[in-house]
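Chain by chain, the residues run as shown.
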Amino acid sequence: MLENEKLIELYKVMQTIRKVEQKIEDEYRYDEIKTPIHLSIGQEAVSAGVCIHLRKDDYVFGTHRSHAQYIAKGGDLKKMIAELYLRKTGCSSGRGGSMHLIDPQVGILGSTAIVGGNIPLGTGAALASMLQKNNRVSAVFFGDGAVDEGTFHESLNFASLKKLPVIYICENNSYAINSHESDRHKVNNIYKWAEGYDMPGYQIDGNDVLKVSEFAQKAISRCRKGEGPTLIECITYRWKGHIGTVNDVGEGLRPKAEYDYWISKCPIKWYKAYLQEIGLLDDKIDNGINKEIDQSITDAFEFAKNSPKPIPEDLFDFVYSI
Amino acid sequence: MPWTSIEIEKQDKFFINNDSDSSRIISYKDALYEALDQSMSLDSRIFIMGEGVDDPGGVFGTTKGLHEKYGRDRVFDTPISENALTGIATGAAMVGLRPIFVHARMDFLVVSLDQLVNHASKWSYMFGGKVNIPLVVRTISARGWGSGAQHSQCIQGMLMNAPGLKIAIPATPYDAKGLLVSSIIDNNPVLFVEHRWLYKTIGNVPETLYSIPFGKGIVRRKGTDVTIVAISYMVIEALKAAEKLQTENISAEVIDLRTIKPIDETIIFESLAKTGKLLITDTGSKTGGVASEISAIVAEKAFHLLKEPIVRVCCPDVPTPASDILEKAFYQDSETIYTKVMELMKQK
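Residues numbered from 1 in each chain as written. Chains lettered and ligands numbered in written order. Predicted model: local features only at pLDDT ≥ 70, side-chain atom pairs only at ≥ 80, totals over all residues.

**Some details on the overall build of chain B**
Okay, so step 1: Each helix and strand in chain B was counted, giving 13 helices and 15 strands.
Okay, so step 2: Projected onto its principal axes, the C-alpha positions of chain B cover 60 × 45 × 40 Å.
Okay, so step 3: Across the 348 residues in chain B, those meeting the buried criterion constitute 56%. (Helix = DSSP H or I, 4+ residues; strand = E, 2+ residues; numbered from the N terminus. Buried ≥ 20, exposed ≤ 12 C-beta atoms within 10 Å, placed from the backbone.)

Spelled out as structure tokens, the structure:
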């Protein structure tokens, strides 16, 4: 069981992710964020529950939908928002955009926009941890679409073979853009693939942050002991459409009843109620937390909007070979 | 693996005699081995992975016994997962190691293009230079003995089109060692293109560790009538052709580019200023290849130096056939170069 401070931290992280994503959604209409965005609203518990157990020097590898992991791992919020505004002060100096976030200071080594592309990268960082004997763990986040890719299977095989300190976190939200999981693979229990690769695999409620935390802790601890990788399939749901701020609920898209069910399972709503029930959170503490989060978001957006844009002459900066 | 032995044994031991002042003569294969061995002994961050790197053959001798010397943590066999392994090497490079990933055939590299092109080559720029990927991908091309369409490709031209990827393509033992060392100490991804038919080539190679700068070609043979720009194994064929052309009193200058990304444009222009005639020869396909790029560079920047149209001697745009008779029709050699130069010289 987590100590009280960490229980509150989980709430803060989820609430930050939610509020940042909502603010991005609000601002997107002004067309100043000129990069494709993929929001994690509804999936906050997965990143929060995993990253709470990672050390600052552990690694995280995300995807096109990686705002949540960036925030949960402690990435610099100002630099993230500045990247969304494609400013020189952005975490990737305006070269990456929303899908390519990085903060090496806290082990965030870059997210990829190629589905499944980050799985080998995180596995490779884990190989380095083993060779360098620094006891660092790699956490690789990907969706249910990524398990259709060869990189998923090739990486799990290699990680198991070499007993690498890597945890594979599948955020299963059932959809790859609009393609339902049942249209993409026969095995709809992704965690079962782990057995074939001789590693532990679990399927858990990805909206239950305590459950995510419990299984992530177990998996990370295995890594630290040199016992090898784990696959954790977190069943969750994204509230928004695949990209941008569009809603994709209705005819031919996601069924309204399914959407309503998952809204009722909001990961933050029940966790907040839980914290209140055990006496860790009251309105006063909650207001304090929200005020602090709101301020950091205001600061980040102001920093971003006031930051300089690259100039055309900057095109060849960071080029090492022509 | 027939072409790895039978066909190679048929090759002459081509001798590159003016590459360095060193009196020691070793083969291209041993030069590669020495670059790996000496680099690994100096830098514990370097490791080698790939199918068969620790087997008794040791990738045609280039990694033979290194696992015994440096341990299996640093020289290890891998699953047949070219794409993921490229990404795994990239991930390890990102956090401070210096991986060398080996493909015994260049054809297998195609399987790994997602990680090589989408990830390794782009990672540094895409994140504003916050990380570097000091990765070397060694690939070995070959030709002959019915290797066919999937065991013989030379796709270096295709990969010139991938921003962020450097490409070294040595033709001599001296360059094999020096450029492999340069590739290993480079902080960014390098595709290192070897040719199996060069493995027996011998030349002067210093025992000491040395590097060769990227983007610096070399004049292999001085000449005044025609410029032959060659890479990889075609350097040997070009030198043979130049020798024969001499008997016709045609003086051919042979330039070996050594790296094709970056490319040494100056050395080509300087030669063209003398000769005004250009033949380009590559081990790969003609369309969209190395020779195409060089032709474009010359057309853009040195058109005024050309007295005659450019000639390209490359493989035709068909998959490599297995039949020995069709292979002979498919592959270009010193005879093709000789004939094409003779035609070029006759044009008025």
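**Regarding the environment of B:Val111**
Residues and elements named next belong to chain B.
Okay, so step 1: Note that Val-111 resides in the loop between strand S5 (98-103) and helix H5 (113-120).
Okay, so step 2: Judged by local crowding, Val-111 falls into the partly exposed class, with 18 C-beta atoms found within 10 Å.
Okay, so step 3: Setting aside chain neighbours within four positions, we find Val-111 in contact with Glu-82 and Asn-83. (Contact = placed C-beta atoms within 7 Å.)

**Topic: the sheet that holds strand S13 (residues 259-261) of chain B**
All names here are of chain B.
Okay, so step 1: Read across the sheet, seven strands follow the order S4-S3-S5-S6-S8-S7-S13 without closing on themselves; strand pairing throughout is mixed. A single partner strand is all that each edge strand has here, and the edge strands are strand S4 (75-76) and S13.
Okay, so step 2: Against the sheet, helix H4 (residues 82-94) touches strand S3 (46-50), S5 and strand S6 (136-141), its axis set at about 165 degrees to S5. (Pairing = 2+ DSSP bridges. Axes fitted to C-alpha atoms, helices over the stretch in contact; angles between N-to-C directions.)

**Details of the pairing of strand S3 (residues 166-172) of chain A**
All names here are of chain A.
Okay, so step 1: Among the seven residues in S3, seven count as buried, and that is most of the element.
Okay, so step 2: Residue alternation in S3 divides its side chains into two sets, Val-166, Tyr-168, Cys-170 and Asn-172 and Ile-167, Ile-169 and Glu-171, and both sets are buried.
Okay, so step 3: What joins strand S2 (residues 138-143) to S3 is helix H6 (residues 150-162), and the crossover it makes is right-handed. (Right-handed = clockwise from strand over helix to strand, strands pointing away.)

**A word on the environment of A:Leu2**
Residue and element names in this part refer to chain A.
Okay, so step 1: Mapped onto the secondary structure, Leu-2 falls in the segment before helix H1 (4-28).
Okay, so step 2: Leu-2 sits in the partly exposed class, given 17 other C-beta atoms within 10 Å.
Okay, so step 3: Among residues more than four places away in sequence, those in contact with Leu-2 are Leu-7 and Ser-213.

**Here's the deal with the domain arrangement of chain B**
Residues and elements named next belong to chain B.
Okay, so step 1: Segmentation of chain B into domains returns domain 1 (2-204) and domain 2 (218-346).
Okay, so step 2: One C-alpha centre belongs to domain 1, the other to domain 2; they are set 25 Å apart.
Okay, so step 3: Contact with domain 1, which involves 28 residues of that partner, is made by 24 residues of domain 2.
Okay, so step 4: Looking at the side of domain 1 that touches domain 2, the elements with two or more residues in it are helix H7 (156-159), strand S7 (166-168), helix H8 (173-185) and strand S8 (190-195).
Okay, so step 5: The residue inventory of the side of domain 1 that touches domain 2, partitioned by class, reads 15 nonpolar, ten polar and three charged. (Domains from an automatic or database assignment. Nonpolar A, V, L, I, M, F, W, Y, C, P; charged D, E, K, R; others polar.)

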